[in-house]
Amino acid sequence: MDLQKREQQLQDWSLQQLELSEYDWTVVSGDASFRRYFRITAGGKSWICVDAPPEHENSEQFIKVATLLEKVNAPKVMAYDLAQGFMLLSDLGDELLLPLLNENSANGLYQSAINSLVEMQRIDSNGKIPNYDSQLLNIEMELFRDWYIDKHLQMTLSDDENAMLDQLFQWLTDSALEQPQVFVHRDFHSRNIMFIENQTPGIIDFQDAVHGPITYDLLSLLRDCYIEWPDFKVQEWIEYFIEQSDWELDKAQFIQWFDWMGLQRHIKVAGIFSRLNYRDGKSGYLKDLPLTLKYIVQQAEKYPQLEEFSRWMSQKVLPKMESLAQIQ
């Protein structure tokens with residue numbers, strides 16, 4: 001794929017849609033997928049132009065989810081060409097939540113994000129987007145075994161270790177499926193939320209949305225792989241969410257759902273970060289593995305039934321990770 005040629009084609013297509021002759025064209029970013037983003041500016045206005053190669057990216061799904069998100073501050077799809085994999089979106093700016101977060105700002109920023117999350121969970125998504133079913137939950141968790149344990153750590157698991165992971169994955173799947181099922185963004189964290197002055201937070205990167213567990217997006221936000229908060233703060237924000245939610249939620253039950261959802265997500269993410277390095281040549285995500293693994297251990301050690309997994313992580317996996325880090 002000739003990236004420079006595709007960029008020129010996207011630029012030509014975008015100018016045609018907007019009927020512009022004088023403009024500025026800048027690169028915004030790539031992301032963990034094959035998508036690339038550019039900004040076109042003219043006459044004090046700006047738009048985001050998306051290159052989403054159709055052989056790799058499902059732009060039709062992006063458009064479908066964007067339509068569902070009309071009640072929150074998500075980009076509007078202004079034009080698209082599915083055959084070429086081009087989209088023209090409204091521009092939510094470039095001020096991510098992550099760099100703005102500190103002890104003084106966090107409460108207000110997170111409460112605003114939680115308010116938007118509650119609004120998203122009011123969307124009637126059942127039957128309109130894929131279900132976060134047992135098959136998908138397990139496909140995600142298997143990335144841990146394939147890409148983190150096998151490829152990254154180069155560990156060969158025994159039959160007993162494989163059986164332990166099989167049992168863990170079953171427990172985590174059951175926990176996810178017994179929760180209230182709602183709209184799930186699936187990557188709702190500080191790098192996918194935009195700060196916009198005097199507006200509700202901007203929500204981006206939502207194309208993988210599913211109908212699934214109520215704790216998933218809150219967990220992604222509060223146990224973010226890119227920033228860590230003390231547990232007492234996380235508990236305060238969980239309580240705020242429960243107060244705002246339309247669902248009647250038992251706090252003790254919700255916290256276990258939340259912790260076990262965290263295990264599912266962070267097990268998956270360890271696999272994804274490893275895959276991004278080895279398959280896609282994106283090594284920058286490896287630096288986020290230590291916090292991701294720390295979350296896994298912290299969440300597992302709280303629950304007696306997960307003791308075997310917790311001990312295995314602490315005694316075998318983490319030492320292997322640390323020895324690998326010293327070699328590198």
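Preceding this section is the structure that the text describes.
It should be emphasised that the depicted structure is a prediction, and the values quoted were computed from it without experimental measurement. (Residues numbered from 1 in each chain as written. Predicted model: local features only at pLDDT ≥ 70, side-chain atom pairs only at ≥ 80, totals over all residues. Heavy atoms only, no water.)

(A) Seen up close, the pattern of salt bridges. According to the stated counting rule, one finds 24 salt bridges in the structure shown. Across the pair arginine 223 and aspartate 259 runs a salt bridge, and its minimum N-O distance is 2.9 Å. Here aspartate 259 lies in helix H8 (residues 251-278) and arginine 223 lies in the loop between helix H6 (216-222) and helix H7 (231-244), a separation of 36 residues in the sequence. Aspartate 259 shares its class with arginine 223; the two are buried. In this structure, aspartate 280 and arginine 279 form a salt bridge, with 2.9 Å as the shortest nitrogen-oxygen distance. (Salt bridge = Lys/Arg side-chain N within 4 Å of Asp/Glu carboxyl O. Helix = DSSP H or I, 4+ residues; strand = E, 2+ residues; numbered from the N terminus. Buried < 20%, exposed > 50% of the residue type's maximum accessible area, 1.4 Å probe, protein only.)

(B) Highlighting the pairing of strand E4 (residues 77-81). Note: E4 against strand E5 (residues 86-90), four bridges, orientation antiparallel. Residue pairing across strands places aspartate 81 opposite phenylalanine 86, the latter belonging to E5. The antiparallel pairing of E4 with E5 creates a hairpin that spans four residues between the two strands, and glycine 85 there sits at a positive phi of about 80 degrees. (Pairing = 2+ DSSP bridges.)

(C) Broad picture of helix H5 (residues 159-177). Taking 1.5 Å per residue as the helical rise, H5 with its 19 residues ought to reach 27 Å, and the 27 Å between its terminal C-alpha atoms agrees with that figure. The complete set of buried residues in H5 reads Glu161, Met164, Leu165, Leu168, Phe169, Leu172, Thr173, Ser175 and Ala176. Seen end-on, H5 carries its buried residues on one side only, within an arc spanning 170 degrees. Seen from the buried face of H5, the exposed residues on the opposite side, beyond 90 degrees, are Asp159 and Asp160. (Expected span 1.5 Å × (residues − 1). Arc of directions from axis to C-beta.)

(D) Molecular detail of the pairing of strand E3 (residues 45-51). Where burial is concerned, most of E3 is hidden: five out of the seven residues are buried. Two elements, strand E2 (residues 36-42) and E3, share seven bridges in a ladder whose sense is antiparallel. For arginine 36, the partnering residue across the bridge sits in E3 and is aspartate 51. Connecting E2 to the antiparallel partner E3 that follows it, the hairpin turn spans two residues, and glycine 43 within it adopts a positive phi of roughly 55 degrees. Where E3 meets E5, five bridges bridge the pair, whose relative direction is antiparallel.

(E) Quick look at the packing of helix H4 (residues 134-152) against H5. Two elements in contact, H4 and H5, have axes separated by 10 Å at closest approach and are oriented at 145 degrees. Read as a crossing pair, H4 and H5 show a hand that is right-handed. Counting all contacts with H4, which are made through Ser134, Leu137, Asn138, Met141, Glu142, Phe144 and Arg145, the residues of H5 involved are Asn162, Leu165, Asp166, Phe169, Leu172, Thr173, Ala176 and Leu177. Grouping the amino acids of the contact of H4 with H5 by side-chain chemistry returns eight nonpolar, four polar and three charged. (Axes fitted to C-alpha atoms, helices over the stretch in contact; angles between N-to-C directions. Left-handed = near helix turned anticlockwise from the far one by under 90°. Contact = heavy atoms within 4.5 Å. Nonpolar A, V, L, I, M, F, W, Y, C, P; charged D, E, K, R; others polar.)

(F) Focus on the side chain of glutamate 161. With respect to the element layout, glutamate 161 can be found in helix H5. At 2.8 Å, the side chain of glutamate 161 forms a polar contact with the side chain of lysine 316. Sequence-distant contacts of glutamate 161, that is, excluding residues within four places in its chain, are made with Thr156, Trp312 and Lys316. (Polar contact = N/O pair within 3.5 Å; in protein donor to acceptor, adjacent residues only side chain to side chain.)

(G) The arrangement of the packing of H8 against helix H9 (residues 289-300) in detail. For the pair H8 and H9, the least separation of the axes is 9 Å and the interaxial angle reads 150 degrees. Judged by the inter-axis angle, H8 sits roughly antiparallel to H9. Both H8 and H9 take part in a crossing whose hand is left-handed. Where H8 abuts H9, its residues Asp259, Gly262, Leu263, His266, Ile267, Val269, Ala270, Phe273 and Ser274 lie against Leu289, Thr292, Leu293, Tyr295, Ile296, Gln299 and Ala300. Considered class by class, the residues forming the contact of H8 with H9 number ten nonpolar, five polar and one charged. (Parallel < 35°, antiparallel > 145°, perpendicular 65-115°, else oblique.)

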